[in-house]
Amino acid sequence: MTRRLSVAERHAAAEKDLLLTDIAAQSSWDQFLVEQAVYAVALNEDTFSCNLLRDLLPELGHGFLGAAINAMSRGGLIEHTGQYVPSTSQATHGHPIAVWQLSIKGSEVAAQRRARGSAA
């Protein structure tokens, strides 16, 4: 039985132009794409919440957002800031949602990806 890669390992190993067959080989193609979107936002924003991500993702991706955030947090790529903001989703009636930021590990993974991309 082959060992499944962690979220951090998947993102560290991801090349700039992933092939569809490579993405499809992941445990969940849709969740992986949402994770990539979360990671891209984390790299470009000091802090972020699901409010921002929902605005960027197609409706289909909204269902994977919580799972992607949880996986990336458990994988050490992002971390909770300790802050909360009201949700802008009508379905949640403005309940508080977490504010996130890129972790040190997430920054290191990004640096490894950039170094690998410039070496190619």
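To be clear, the structure that these remarks concern was listed above.
Quick summary incoming for the structure in this document. (Residues numbered from 1 in each chain as written. Predicted model: local features only at pLDDT ≥ 70, side-chain atom pairs only at ≥ 80, totals over all residues. Heavy atoms only, no water.)

**Let's talk about the pairing of strand S2 (residues 96-102)**
Part 1 of the argument: The element S2 is extensively covered by neighbouring structure, given that five of its seven residues are classed as buried.
Part 2 of the argument: Sheet analysis places strand S1 (residues 78-86) next to S2, joined by six bridges and oriented antiparallel. Bridging from a neighbouring strand, His 80 pairs with Trp 100 of S2. (Buried < 20%, exposed > 50% of the residue type's maximum accessible area, 1.4 Å probe, protein only. Helix = DSSP H or I, 4+ residues; strand = E, 2+ residues; numbered from the N terminus. Pairing = 2+ DSSP bridges.)

**Here we look at the nonpolar core**
Part 1 of the argument: Membership of the largest hydrophobic core comes to 21 residues, with the highest contact counts inside it found for Val 38, Tyr 39, Phe 48, Leu 53, Leu 65, Ile 69 and Ile 78.
Part 2 of the argument: Of all the elements in the fold, those that place two or more residues in this core are helix H3 (29-44), helix H4 (50-56), helix H5 (59-74), S2 and helix H6 (104-119).
Part 3 of the argument: The element best represented in this core is H3, accounting for five residues. (Core = buried A, V, L, I, M, F, W, Y, C linked by side-chain atoms within 4.5 Å.)

**Some details on unusual backbone geometry**
Part 1 of the argument: Notably, His 93 is not glycine yet its phi reads approximately 55 degrees, a positive angle.
Part 2 of the argument: The residue His 93 is located in the loop between S1 and S2 in this model.

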